[in-house]
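What the coordinates show
As a plain string of letters, each chain reads:
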Amino acid sequence: MKKVLKEILSTSLYLLIVLCLTYVVIHFVGQRTQVIGGSMETTLSENDNLIVDKLTYRFREPKRFDIIVFPFQHEEDTYYIKRIIGLPGETIYIDEEGNIYIDDEILQESYGKEVIKDAGRAYEPVVLGDDEYFVMGDNRNNSQDSRDPSVGNISRSAIIGRAWIRIWPLNKIGILKHQ
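The following paragraphs examine the structure supplied in this document.

1. Here's the deal with the overall build of the protein chain
Counting its regular elements, the protein chain contains 1 helix and 12 strands. Each helix (α) and strand (β) of the protein chain, taken in turn from the N terminus, gives the series α-β-β-β-β-β-β-β-β-β-β-β-β. Taken over C-alpha atoms, the radius of gyration comes to 20 Å for the protein chain, far larger than the 16 Å a tight globule of 179 residues would show. Based on the C-alpha atoms only, the size of the protein chain along its principal axes is roughly 80 × 35 × 30 Å. For the protein chain, the computed accessible surface area is about 10,800 Å², with 57% contributed by carbon and sulfur atoms. Distance from the positive charge centre (21 side chains) to the negative charge centre (27 side chains) of the protein chain: 14 Å.

Encoded structure:
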């Protein structure tokens, strides 16, 4: 009887430790997320499965071109995956030709190569606050992002983490390129 009780206690303790570690990893280190939609094409595709790194931004601030995950404020359990274009304190503007300006200088980038057809709210200069970021999808003409008032500027506290590794589909497994 003592042996059975000891085995039950040991197994229960083991399961409790596994559950606690799982909770810590999911809430503070990383989590899996799935891409829905084509706003990040060609970098990320519909149904790509990613691991989101929740740890990096505890030690450093987000950088320009990082691919981040944040909740959509108007729909519960909906998360957006976008690329950081503007950093805190900067002014973002998109002209009639679709050029993106950061503090009056054209943004040099290798993402979003298509000509932007709709500047959205960035047709006038958008000034970012001390903890705000301007994000855009790489598929610029098929992305609901900071140009849209329903998304707007993203506060630092809203950022869940950065997209780190693609784990599905198998032929695309690997660490994501941010810069």
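Once you've had a look at it, read on.
2. Digging into the nonpolar core
Ile-85, Ile-92, Ile-94, Ile-100, Phe-134 and Met-136 are the most contacted members of the largest nonpolar core, which has 15 residues in total. Those residues within four positions of Ile-92 in sequence are excluded, and the remaining contacts are Gly-86, Ile-100, Tyr-101, Ile-102, Glu-124, Pro-125, Val-126, Leu-128 and Phe-134. The next biggest cluster of nonpolar side chains, apart from the first, holds 12 residues, and it includes Ile-68, Phe-70, Tyr-133 and Ile-159.

3. Describing the environment of Glu-90
On the secondary structure map, Glu-90 appears in the loop between β4 (79-86) and β5 (91-94). According to the relative accessible area criterion, Glu-90 is buried, its value standing at 11%. On a C-alpha basis, the gap between Glu-90 and Leu-128 in space is 5.5 Å, while along the polypeptide they are 38 residues apart. The residues touching Glu-90, leaving out its near neighbours within four places in the chain, are Arg-64, Ile-85, Ile-102, Asp-103, Val-126, Val-127 and Leu-128. Among the polar contacts made by the side chain of Glu-90, one reaches the side chain of Arg-64 at a distance of 2.7 Å.

4. Description of a nonpolar patch on the surface
Judged by side-chain polarity, Ile-167, Trp-168, Leu-170 and Ile-173 come together as a nonpolar surface patch covering roughly 410 Å² of accessible area. Within the secondary structure, Ile-173 sits in the loop between β11 (161-168) and β12 (174-175).

5. Comments concerning the sheet that holds β5
Two strands in a sheet stick together by hydrogen bonds in their backbones, pointing the same way (parallel) or opposite ways (antiparallel). On the basis of which strands lie adjacent, the open sheet formed by 4 strands has the order β7-β6-β5-β8 and antiparallel pairing. In the strand order of this sheet, the two ends are held by β7 (105-106) and β8 (126-127), each with one partner.

6. Remarks on the packing of aromatic side chains
In total, this model carries 3 aromatic pairs according to the counting rule given. Relative to Tyr-80, the ring of Phe-70 lies with its centre 5.9 Å away and its plane at 70°, an arrangement referred to as edge-to-face. Remark: Tyr-80 occurs in strand β4 and Phe-70 occurs in strand β3 (residues 67-71); sequence separation between them is 10 residues. You'll find Phe-70 and Tyr-80 in the same group, each marked buried. An aromatic cluster of at least three residues, connected via ring pairs, comprises Phe-70, Phe-72 and Tyr-80. In this structure, Lys-82 is placed above the aromatic ring of Tyr-80, and the distance from its NZ or CZ to the ring centre is 5.2 Å.

7. Side note on the pattern of salt bridges
One pass over the full model with this rule turns up 8 salt bridges. Taking the shortest distance from any N to any O, the salt bridge between Asp-66 and Arg-60 comes out at 3.4 Å. A relative accessible area of 1% places Asp-66 in the buried class. Note that Glu-90 is salt-bridged to Arg-64, the shortest N-O span being 2.7 Å. Of this pair, Glu-90 sits in the loop between β4 and β5 while Arg-64 sits in the loop between β2 (49-53) and β3; the two residues are 26 residues apart in sequence, bridging distant segments of the chain.

8. Examining the pairing of β3
With 4 of 5 residues buried, β3 is to be regarded as a mostly interior element. Strand direction decides the pairing type here: β3 and β4, joined by 5 bridges, are antiparallel. Opposite Pro-71, over in β4, you have Tyr-79 as the bridge partner. As paired strands, β3 and β11 are joined by 2 bridges and run antiparallel to one another. Opposite Val-69, over in β11, you have Gly-161 as the bridge partner.

Criteria and cut-off values
- Residues numbered from 1 in each chain as written.
- Predicted model: local features only at pLDDT ≥ 70, side-chain atom pairs only at ≥ 80, totals over all residues.
- Heavy atoms only, no water.
- Helix = DSSP H or I, 4+ residues; strand = E, 2+ residues; numbered from the N terminus.
- Rg over C-alpha atoms; globule rule 2.2 N^0.38 Å.
- Areas by Shrake-Rupley, 256 points an atom, 1.4 Å probe, with all protein chains shown as cover.
- Lys, Arg positive; Asp, Glu negative; His and termini not counted.
- Charge placed at Lys NZ, Arg CZ, Asp CG, Glu CD.
- Core = buried A, V, L, I, M, F, W, Y, C linked by side-chain atoms within 4.5 Å.
- Buried < 20%, exposed > 50% of the residue type's maximum accessible area, 1.4 Å probe, protein only.
- Contact = heavy atoms within 4.5 Å.
- Polar contact = N/O pair within 3.5 Å; in protein donor to acceptor, adjacent residues only side chain to side chain.
- Patch = residues over 30% accessible without salt bridge, like charges linked within 9 Å, V, L, I, M, F, W, Y side chains within 5 Å.
- Salt bridge = Lys/Arg side-chain N within 4 Å of Asp/Glu carboxyl O.
- Pairing = 2+ DSSP bridges.
- Phe/Tyr/Trp six-rings, centres within 6.5 Å; stacked < 30°, edge-to-face > 60°.
- Lys NZ or Arg CZ within 6 Å of the ring centre and 35° of its normal.

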